[in-house]
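Here is what each chain is made of, one letter per residue.
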Amino acid sequence: MENKKGGAGKLAPYCYIAPITLILVTFVIGSVAVSVALGFTKYNIMTEPVFRGIDNYSKLMSDSKFVKALKNTLELMLLIVPLQTVLSIILSVFLVANRKRFLGKLANSMIFIPVICSPAVVGVVWRELLNGKFPVIEKFFGLFGIEPSMLLGDAKTALITVGMVAVWKWMGYYVVIYSSGLLGISNTYYEAAKVDGADRIRCFFSVTLPLLKPTIILGVFLSVTNSLQCFDLIFNLTGGGPNNASTTLVVYSYSKCFSAGAAGYAMAISNILFVVILAVAMLQRNMMRREASEI
Amino acid sequence: MELVKKGFKNVISDLVLIGIIVVSIFPFIYMFLMSFKSTINAYDFDFSLEKLSLGQYEKIFQMENFERYIFNSVFVAVMGVILTVAVCSLAGYAFAKMNFKGNDKIFLFLVMTMVVPSEVIVIPLFLITKGLGWLNSYRALILPLPTAFGVFIMRQAILDVPKDLMDAARIDGCGNLKIFFKVVLPLVKSSILALSIFTFVGAWNNFLWPLVACTKAEMKTLPLALSMMKTQFNTDVGLTMACAVINFLPPFIFYVFMQSRFKEGMTLSGVKG
């Protein structure tokens, strides 16, 4: 078998990695290259791209729709991330405490159903629910003095509503992540805290939260990157409206390319978002590394 | 007194748990119920048995191309899973168990592509696909599905395969490929299953890419069909909900049978850390 190691044997590993490498180079690396290059051009897909330097990027700053989309993207993120994180941590603590009981198990499986469901289905069903014709929903929101049929149609509440549906849809995902973090905390810590006379609330803040920190960092960053890229839900809930009130960068970039035919400009928009996401990813890496070295 | 207190506490947690269950699933129950309502009395919210019918499901299958949408969704998801598992486990095997020049560097290079979010590259991906002449084809929907993440997972799993087993097979005269099929793959079944679930759900629910890559009606997938219906049949709630149910069922049925695997598979991308 040693003599097989010449010639063909040396090439074998490259044959194994060739298919996926080809796929990723063509579709991912290729896309990034095309996007960066054509971000500097005026390009409408039909005719040849024309090099315009940083024209697209300087135009962005004076494009009020872009500024609005950027603002909406960040607002949506700031809306989703804290709510998602706090709620899913509380729910995880509660569900982990009740994990051995029948209803606890049931709740644990049910909360994951929205996660596996397609965002298109979630969007269409919630739009139906919020159309103001369903008495149960009417009554429920009526308790808070809210008219459900106006939630998606009103520029003031459209983005918030999209954010709430997103939090609802992804809750189970974060609950799984935080639950596994919680289950990894050794019981001895809690016993020691109990001996010191800490009550449950004290335990949560002095034992659970600090030990859960690495998981929280992970969860927060996942939530940040996911919320920055939200498209499917918005497309199916509001289509970006009313009056661009729920248009985020991905939605704006999509409509610039496929409705307005400004592909070069659209790619400049997504390049900006890419840089933002890249910065977030670097920050996450640094924080997780620091966290790991502390332990 | 302790007992009463404990009983009381249990009642409270039960109520909260029921609350969580209701909030998690009532939109889906609404979806199911409405899909059995005929168009005329959809909003009377009378769910007695004689008012429910399968009429909407009969109607939706008469819709032009509907069977085609189902076929497209199933075909793309299944082929996507097969392709992903094939290319990712092959590469994972090479990266984990073979010495070749550039092993670490190429792996790192591939892993770096994971930071590129799929939503951000949709337009250039569209241009590349268009350049290749692949718009409105299954190739366009299937080929971009495998990710470096799959390689990462498979490499991680194959690293744990004991070298002794592979050496034993080698002494028995097995070549690399035979070892891969006979020794390695059976030992990393659970990772393959997790990756399959992850890929299947991703492909099945995929929305933005098919929306961009497929303009022809006969190439559309179920989520696109559903999304189109909201404009086409604005008044026909029952029909839209029937379409939503058909969209919802496959991942849901898999989930019912493989809950823990599903959670593992779907949160894979989070666990990589």
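Residues numbered from 1 in each chain as written. Chains lettered and ligands numbered in written order. Predicted model: local features only at pLDDT ≥ 70, side-chain atom pairs only at ≥ 80, totals over all residues.

1. A short note on the interface of chain B and chain A
Part 1 of the argument: In this complex, chain B contributes 69 residues to the contact, which on the side of chain A involves 70 residues.
Part 2 of the argument: Per element, the largest residue contribution to the side of chain B that touches chain A is 13 residues, and it comes from helix H1 (residues 2-35) of chain B.
Part 3 of the argument: When its residues are assigned to classes, the side of chain B that touches chain A shows 52 nonpolar, 12 polar and five charged. (Contact = placed C-beta atoms within 7 Å. Helix = DSSP H or I, 4+ residues; strand = E, 2+ residues; numbered from the N terminus. Nonpolar A, V, L, I, M, F, W, Y, C, P; charged D, E, K, R; others polar.)

2. Here we look at the packing of helix H3 (residues 66-97) of chain B against helix H7 (residues 148-159) of chain B
Residues and elements named next belong to chain B.
Part 1 of the argument: Relative orientation of the contacting elements H3 and H7 amounts to 50°, with a least axis distance of 7 Å. As judged from the angle between their axes, H3 and H7 are oblique. H3 and H7 meet at a crossing whose hand is right-handed. Along the contact surface, H3 presents Thr84, Cys88, Ser89, Ala91, Gly92, Tyr93, Phe95, Ala96 and Lys97, while H7 presents Gly150, Val151, Met154, Arg155, Ile158 and Leu159.
Part 2 of the argument: Its residues assigned to classes, the contact of H3 with H7 comprises nine nonpolar, four polar and two charged. (Axes fitted to C-alpha atoms, helices over the stretch in contact; angles between N-to-C directions. Parallel < 35°, antiparallel > 145°, perpendicular 65-115°, else oblique. Left-handed = near helix turned anticlockwise from the far one by under 90°.)

3. As for the domain arrangement of chain A
Part 1 of the argument: Under the domain assignment used here, chain A contains domain 1 (2-38) and domain 2 (58-294).
Part 2 of the argument: Its C-alpha centre places domain 1 of chain A at a distance of 36 Å from the equivalent point of domain 2 of chain A. (Domains from an automatic or database assignment.)

4. Quick word on the nonpolar core
Part 1 of the argument: Core analysis: the biggest nonpolar cluster contains 157 residues, and Ala91(B) and Ala244(B) have the highest contact counts within it.
Part 2 of the argument: If one sorts the elements of this core by residue count, helix H9 (residues 158-183) of chain A sits on top with 15 residues.
Part 3 of the argument: Looking at which domains feed residues into this core, each of domain 1 (2-38) and domain 2 (58-294) of chain A gives three or more.
Part 4 of the argument: Look past the residues within four positions of Ala244(B) in its chain and what remains in contact with it is Val121(A), Val124(A), Val125(A), Met31(B) and Leu226(B). (Core = buried A, V, L, I, M, F, W, Y, C linked by C-beta atoms within 7 Å. Buried ≥ 20, exposed ≤ 12 C-beta atoms within 10 Å, placed from the backbone.)

5. Quick look at unusual backbone geometry
Part 1 of the argument: Its identity is not glycine, yet Ile45(A) carries a phi of approximately 75°, on the positive side.
Part 2 of the argument: Positionally, Ile45(A) belongs in the loop between strand E1 (41-42) and strand E2 (50-51).
Part 3 of the argument: Given 15 C-beta atoms within 10 Å, Ile45(A) falls into the partly exposed group.
Part 4 of the argument: One non-glycine residue, Asn65(B), adopts positive backbone phi at about 70°.
Part 5 of the argument: Mapped onto the fold, Asn65(B) is located in the loop between helix H2 (55-62) and H3.

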